[in-house]
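If you want the building blocks of each chain, they are given just below.
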Amino acid sequence: MSAWRLVEDGPAPKPGSAVGPTTGSTGPLGGRPERPRTGARRMLVVAAVVLLTLVGAGGLAVAGTGMFAERPDGCVKPDRSIQLYAVELPKDGTQIRLGYGLTPETASYPGPTMEMMEGECLAITLHNQVSAETLAALRTNPAHPLGVSLHVHGVKYTQESDGTVQSASFVPPGQSRTYTWYAAPRNNKTGAQGTAGYWWYHDHVVGGPHGTQGLSAGLFGGLVVRRPGDPKPDRTYTVVFGDRQSINLRRGEATDTCTEVNPQPGPTCLVARKGERVEFIVVGIGNDMHTFHLHGHSWADTRTGMVSNGQPFADSIPVIDNKTLGPGDSFGVQVVAGDSVGPGHWMLHCHMQFHSDAGMSTMLHVLDENGNMPPGMDHQHGAASAPATDGGEHQHN
Amino acid sequence: MSAWRLVEDGPAPKPGSAVGPTTGSTGPLGGRPERPRTGARRMLVVAAVVLLTLVGAGGLAVAGTGMFAERPDGCVKPDRSIQLYAVELPKDGTQIRLGYGLTPETASYPGPTMEMMEGECLAITLHNQVSAETLAALRTNPAHPLGVSLHVHGVKYTQESDGTVQSASFVPPGQSRTYTWYAAPRNNKTGAQGTAGYWWYHDHVVGGPHGTQGLSAGLFGGLVVRRPGDPKPDRTYTVVFGDRQSINLRRGEATDTCTEVNPQPGPTCLVARKGERVEFIVVGIGNDMHTFHLHGHSWADTRTGMVSNGQPFADSIPVIDNKTLGPGDSFGVQVVAGDSVGPGHWMLHCHMQFHSDAGMSTMLHVLDENGNMPPGMDHQHGAASAPATDGGEHQHN
Amino acid sequence: MSAWRLVEDGPAPKPGSAVGPTTGSTGPLGGRPERPRTGARRMLVVAAVVLLTLVGAGGLAVAGTGMFAERPDGCVKPDRSIQLYAVELPKDGTQIRLGYGLTPETASYPGPTMEMMEGECLAITLHNQVSAETLAALRTNPAHPLGVSLHVHGVKYTQESDGTVQSASFVPPGQSRTYTWYAAPRNNKTGAQGTAGYWWYHDHVVGGPHGTQGLSAGLFGGLVVRRPGDPKPDRTYTVVFGDRQSINLRRGEATDTCTEVNPQPGPTCLVARKGERVEFIVVGIGNDMHTFHLHGHSWADTRTGMVSNGQPFADSIPVIDNKTLGPGDSFGVQVVAGDSVGPGHWMLHCHMQFHSDAGMSTMLHVLDENGNMPPGMDHQHGAASAPATDGGEHQHN
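What you are looking at is a predicted structure, and each value in this text was computed from that prediction instead of being measured.

### Here's the deal with the overall build of chain A
Next up, step 1: The number of helices and strands found in chain A is five helices and 19 strands.
Next up, step 2: Looking at chain A as a whole, 68% of its 397 residues qualify as buried.
Next up, step 3: Of the accessible surface of chain A, which amounts to about 12200 Å², a share of 54% is contributed by carbon and sulfur atoms.

Structural data, given as structure tokens:
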């Protein structure tokens, strides 16, 4: 039992800190806080520093046990278990690249797109195969522990699966840890809204307490949680907008590796046949604002990216083809490829002009129903005006 | 009667300036405007400058009377009256700090959280206790008048309560002025949507015509307008994301002054028991974009931050755990503390990595139902990598 | 027939690239892409460069014919045809200014506000009257072709009307090209959501492959697509927030050219009588984030900017008075001028403090029902602290 306690019979903690202006009192909403520090708190901070040092040295198994629940309420035991590997990938120029993979050999950035159904509980065992040397090279402070983690958005998890330093829920080099995610369904009794949506997962500890260096190295991936009855897309692409005018950490020509014959669908080759339902899991990372724009296609600004037929409120739903996203945001887009507009090389880019000019632009290649592209101009991604170097990093926005 | 007039029988003012492309005419949508200035307008500008000088010297009572209505339509007379004080607080380093308070002694930043019900009309008498000397130190132009004001978002008010320089609705040092806010209800006859929502109030005149210096000194607070039947939270916290990577103008450890024993709920101590309904009024100020992210909890992107049970359109509502906000934006978040995920130190931070690394990060401390915290790691806010100095002001985004 | 082909009997293109974690396989989601370049692709790139050179020299009619469909599905033939002119306007200081107009004489920035009904198909013949010399001065790369184009958001068009370089759908100096826009209605059989909404159109080729220089010179305008039954506003104003703290490319006093007697409604004179329904088409361009804020008025964050009466889900719709927008975003705002709050000079500004202080602020002048303004303070736009020079261009956000 820690010292943390809301004392009932001490100076009354107000049940609500909102101040109805009738009360004439600000209650505990003090002015300039004095930042009280009890002796107990100071002790705890010291203890935490010691413990972090232990954790950094491999003391995690002890540190992470028995204090908080292992599984969120509603998950009696996992319905599925998977293995996930954090590995080092070849550098991109001088940039260290890391990736998550369902096997070490298939690790990539973004990592594998995860898919869950509401009600499902998933156990993911993360194996940290990134060397201490690489992790040390990425950290910004020598006191910061070495490890990788798995932090997820949207679904439910306890402190044991938070993936943060302060909850000691990360994985030192060479070790493993099981994270439990629960896609809580909506509860019609309590009105709880359920976890269906477009989410993402990422490291939260590489380099610093927010995983900034893990994210910029490639430790992120998309997650979609579906609800029974949700439309099932024919193709799902994860599109991550990030710093240095990047899409999935690439710029310019590197965003689009499609070949004319038998293009291989993937994060750097967005291709579909006319009429296929294409789903994008769009995620923002890093420090910059971006806007996701797709030519020729639009979507509904809803949970699913669609608006259902015959709904009484369908008339009020905004339909958009450009959406602002900041770091941490994620949303879903569903379009019927080429619907009304036909096949073609349809640009997908950030509409911040400096970003698109610097190469933050790719294509959704929509082939005809037979899988062929009508002859036409090829695409350039603005390569002429923006060679894919790192020189465009100065920020204009 | 001023010279302002839409002349009916002169050159026809178009009833709508939208140009249906069939008309083949742009109407009054001219190219490069010539910026016409009639003699009457020049006179008025001169008069305004003279008047502002008078106002700056204390001529407000005369200047603000009898030209525009005192109260918005629908407010016959105020249902409640409160006093609000603008006072100077101790500096934070070299930064001047001001605050609003329901008494001078309880002034704080953010100011008191206001709460209204739709249909209510509120009279707020603002007493300016900030010295002319301090206000002069904050202004960017010696011609700018000295005063503080109250400008509110969302609810209804006339020009007399706009809180701006050009409407002369501000308060010189040592004086008082009554502002009238009307939380207009929805009108089922006209379809007017009502004013229920998550709003905020702030100064609009300190330092310059947009109150930039008043805002950055601390003159802001949250406002929630409820509708009958809205869920009533157990706790309400106002969380203001601003420049210099700040939460409620603090960074790093200063964002979280909770003590282990009997933590005092307030803007710098976000604490709740498991199962309590916690409401956040989230506001953006300043110049930067931010994203509000809370670990382990999510909310519906609706007016109330919840989605009601059994609604035919509930399926379409996005559920999110990260939301972009710019200056001036405000929204509400409602979560059931620890629901499914249990107690713990749950991070609340801006997901712009540079911002969180620089200390724009705090905690929602969720205790168990008995008000106790299970023993575990303490939290660090990334203090190791980001000492709470002012050195982090350079902008990366 | 081009080489582009999804080969069915080759290495299987996965029908969906989403990886259910049960599969244990990332499929085609590879790690670091090798950027394969087939010989065919290299040939095509060479061909495209040659073709672009031809296009730049006037070979467009040949290049753009017969490869992709001229009209989107659903548009058998255009319901209306209009002429649009891209012309050079007087410089603003040293800034080149271009505009679209329904006649060359009425060209402006923003260009004419377009209005369509769902189901309508519109043919727009764009005549490029901008000289090659001016276009050459704007381009950032001598290899980039000279021309202007018309790229539209939200409505349907084929590659022939994309307005991009890579689809060769632009207009060299002195030439013309017909673009076809189809405001596809919603399809209650398929659930396709329709194209009703607030959109915009712009150049996509001046200066570089994203039209950055065309946009910053003035080649943009608003578009609204309505659905039968939508409320019809009394006045529509297009408000474009852009770089250099600009509203419709102006700052400070230049944003508001209203005269007291018979103010001429237009993009630089936002005026209405109390009780009129005023519609804003709000658009973001350039590189910066902004927030659109209007004093005294609020709107519903829906497709129409309103929330209809008696809807079962109306209670959940956020009502706002400040909305973040990034480049490429567009949305609609509908307010009843002066409703409850009365006549007055109501500020409309970006709530980023640096932006509003630098002059990104104008007024909605609400006159009384007789078209008169009660006597009162005149407005200043913060001119005292922010002369409308170009000196404010350094970016603070």
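### Examining the sheet that holds strand 11 (residues 270–273) of chain B
Backbone-to-backbone hydrogen bonds pair the strands of a sheet. The strands run either parallel or antiparallel.
All names here are of chain B.
Next up, step 1: Taken in spatial order, the five strands of this open sheet run 11-19-18-13-16, and their pairing is mixed. Every interior strand has two partners, whereas the edge strands, strand 11 and strand 16 (322–325), have only one. Within the sheet, the average angular offset between the axes of one strand and its neighbour, ignoring direction, is 20°.
Next up, step 2: Two strands pair when backbone bridges link them, and strand 13 (residues 290–294) and strand 18 (residues 344–350) are joined in this way by three bridges, in the antiparallel orientation. Bridge pairing in strand 18 links F292 to C350.

### Topic: the pairing of strand 12 (residues 277–284) of chain B
All names here are of chain B.
Next up, step 1: Where burial is concerned, most of strand 12 is hidden: eight out of the eight residues are buried.
Next up, step 2: What you see with strand 12 is no split at all: R277, E279, I281 and V283 on one side and V278, F280, V282 and G284 on the other are buried throughout.
Next up, step 3: Across seven bridges, strand 9 (residues 235–242) lies against strand 12 in parallel orientation. By the bridge assignment for strand 12, V240 is matched with V283.
Next up, step 4: Summarising the sheet, strand 12 and strand 17 (residues 330–336) pair through seven bridges and their orientation is antiparallel.

### Comments concerning the side chain of R226(A)
Residues and elements named next belong to chain A.
Next up, step 1: Assignment of secondary structure puts R226 in strand 8 (residues 220–226).
Next up, step 2: By relative accessible area, which is 3% here, R226 ends up buried.
Next up, step 3: Here E115 takes part through its side chain, which lies 2.9 Å from a polar atom of the side chain of R226.
Next up, step 4: Within the structure, the side chain of R226 is placed 2.8 Å from the side chain of E279, a separation counted as a polar contact.

### Considerations on the nonpolar core
Next up, step 1: The biggest cluster of nonpolar side chains holds 207 residues, and the ones touching the most others in it are F280(A), F280(B) and F280(C).
Next up, step 2: Sequence-distant contacts of F280(C), defined by excluding residues within four places in its chain, comprise Y198(C), Y237(C), V239(C), L270(C), F292(C), L294(C), F331(C), G332(C), V333(C), V335(C), L348(C) and L364(C).

### Quick look at the sheet that holds strand 17 of chain B
All names here are of chain B.
Next up, step 1: Here we have four strands laid out as an open sheet, ordered 10-9-12-17, and mixed in their pairing. Every interior strand has two partners, whereas the edge strands, strand 10 (246–247) and strand 17, have only one.
Next up, step 2: Relative to strand 10, strand 9 is paired through two bridges, and the arrangement is antiparallel. Note that in strand 10 the partner of G242 across the bridge is S246.

### Thoughts on the domain arrangement of chain A
Residue and element names in this part refer to chain A.
Next up, step 1: As assigned here, chain A comprises domain 1 (70–228) and domain 2 (231–374).
Next up, step 2: The centre of domain 1, based on its C-alpha atoms, is set 24 Å off from the matching centre of domain 2.
Next up, step 3: Note on domain 1 versus domain 2: buried area summed over both sides is about 1700 Å², and carbon and sulfur give 60% of it.
Next up, step 4: Where domain 1 packs against domain 2, one counts two salt bridges.
Next up, step 5: Two residues, R226 and E279, come together in a salt bridge whose shortest N-O distance is 2.8 Å.

### Details of the confidence of the model for chain A
Residue and element names in this part refer to chain A.
Next up, step 1: Summary statistics for chain A give a mean pLDDT of 83 and a share of 78% for residues scoring 70 or more.
Next up, step 2: Below a pLDDT of 50 lies the segment residues 9–66, which in the model reaches 107 contacts outside its immediate sequence neighbourhood of four places, other chains included.
Next up, step 3: Counting interchain partners and residues more than four positions distant, the pLDDT-below-50 stretch residues 379–397 has 59 contacts.
Next up, step 4: Reported confidence for the predicted complex is 0.85 by ipTM and 0.86 by pTM.

### Regarding the state of the cysteines
Next up, step 1: The full count for this structure, using the stated rule, is six disulfides over all chains.
Next up, step 2: Across the disulfide, C75(B) is cross-linked to C121(B) (sulfur-sulfur distance 2.1 Å). Across the S-S bond linking C75(B) and C121(B), the dihedral sits near -75°, which makes this disulfide left-handed. You can see C75(B) sitting in the loop between helix 2 (60–63) and strand 1 (80–92) and its partner C121(B) sitting in strand 4 (residues 121–128), a full 46 residues away along the chain. C121(B) matches C75(B) in its accessibility class, with the two residues each being buried.
Next up, step 3: Through a disulfide, C258(C) is tied to C269(C); the S-S separation comes to 1.9 Å. Handedness of the C258(C)-C269(C) disulfide follows from its S-S torsion of about 95°: it is right-handed.

### Looking at unusual backbone geometry
All names here are of chain A.
Next up, step 1: Along the chain, Y109 connects to P110 via a cis peptide bond; the corresponding omega equals -5°.
Next up, step 2: With respect to the helices and strands, the residue P110 is situated in the loop between strand 2 (95–101) and strand 3 (114–117).
Next up, step 3: For A168, which is not glycine, the phi torsion reads 55° and is therefore positive.
Next up, step 4: By the secondary structure assignment, A168 is in the loop between strand 5 (151–152) and strand 6 (176–182).

### Digging into the pairing of strand 2 (residues 95–101) of chain C
All names here are of chain C.
Next up, step 1: Of all seven residues that make up strand 2, six are buried, and the element is covered over most of its length.
Next up, step 2: With six bridges connecting them, strand 1 (residues 80–92) and strand 2 associate as antiparallel partners. Pairing of D92 across the sheet is with Q95, part of strand 2.
Next up, step 3: In textbook terms, the turn of a hairpin is the stretch between consecutive antiparallel strands, and for strand 1 and strand 2 this stretch comprises two residues, one of which, G93, has a positive phi near 65°.

### Digging into the pattern of salt bridges
Residue and element names in this part refer to chain B.
Next up, step 1: Considering all chains together, one arrives at 42 salt bridges over all chains under this definition.
Next up, step 2: In this structure, the salt-bridge partner of R235 is E276, at a minimum N-O distance of 2.7 Å. Residue R235 is found in strand 9, and its partner E276 is found in the loop between strand 11 and strand 12; the two are separated by 41 residues along the sequence. The same class applies to R235 and to E276, which are both buried.
Next up, step 3: Among the salt bridges present, the one from D301 reaches K323, with a minimum N-O distance of 3.0 Å.

### Thoughts on the packing of aromatic side chains
Next up, step 1: The final tally for this structure, using the stated rule, is 24 aromatic pairs over all chains.
Next up, step 2: Taken together, a centroid distance of 6.2 Å and an interplanar angle of 85° make the contact between F292(A) and F331(A) edge-to-face. Here F331(A) lies in strand 17 (residues 330–336) and F292(A) lies in strand 13 (residues 290–294), a separation of 39 residues in the sequence.
Next up, step 3: With a relative accessible area of 9%, F331(A) lands in the buried category.
Next up, step 4: Above the plane of the ring of Y109(A) lies R97(A), whose end atom (NZ or CZ) is 5.4 Å from the centre.
Next up, step 5: Against the face of F331(C) rests K323(C), its NZ or CZ located 5.2 Å from the ring centre.

### Focus: the environment of N128(B)
All names here are of chain B.
Next up, step 1: For N128, the position within the fold is in strand 4.
Next up, step 2: Each C-alpha atom of the pair N128 and G174 lies 5.4 Å from the other, and the pair is 46 residues apart in sequence.
Next up, step 3: Contact partners of N128, with chain neighbours within four places excluded, come to A86, L135, G147, V148, V171, P172, P173, G174 and Q175.
Next up, step 4: A polar side-chain atom of N128 sits 2.9 Å from the main-chain amide nitrogen of V130.
Next up, step 5: Separated by 2.8 Å, the side chain of N128 and the backbone oxygen of V171 make a polar contact.

What counts and what doesn't
Residues numbered from 1 in each chain as written. Chains lettered and ligands numbered in written order. Predicted model: local features only at pLDDT ≥ 70, side-chain atom pairs only at ≥ 80, totals over all residues. Heavy atoms only, no water. Helix = DSSP H or I, 4+ residues; strand = E, 2+ residues; numbered from the N terminus. Buried < 20%, exposed > 50% of the residue type's maximum accessible area, 1.4 Å probe, protein only. Areas by Shrake-Rupley, 256 points an atom, 1.4 Å probe, with all protein chains shown as cover. Pairing = 2+ DSSP bridges. Axes fitted to C-alpha atoms, helices over the stretch in contact; angles between N-to-C directions. Polar contact = N/O pair within 3.5 Å; in protein donor to acceptor, adjacent residues only side chain to side chain. Core = buried A, V, L, I, M, F, W, Y, C linked by side-chain atoms within 4.5 Å. Contact = heavy atoms within 4.5 Å. Domains from an automatic or database assignment. Buried area = accessible area lost by both parts, 1.4 Å probe. Salt bridge = Lys/Arg side-chain N within 4 Å of Asp/Glu carboxyl O. pLDDT = per-residue confidence, 0-100. Disulfide = S-S within 2.5 Å. Phe/Tyr/Trp six-rings, centres within 6.5 Å; stacked < 30°, edge-to-face > 60°. Lys NZ or Arg CZ within 6 Å of the ring centre and 35° of its normal.

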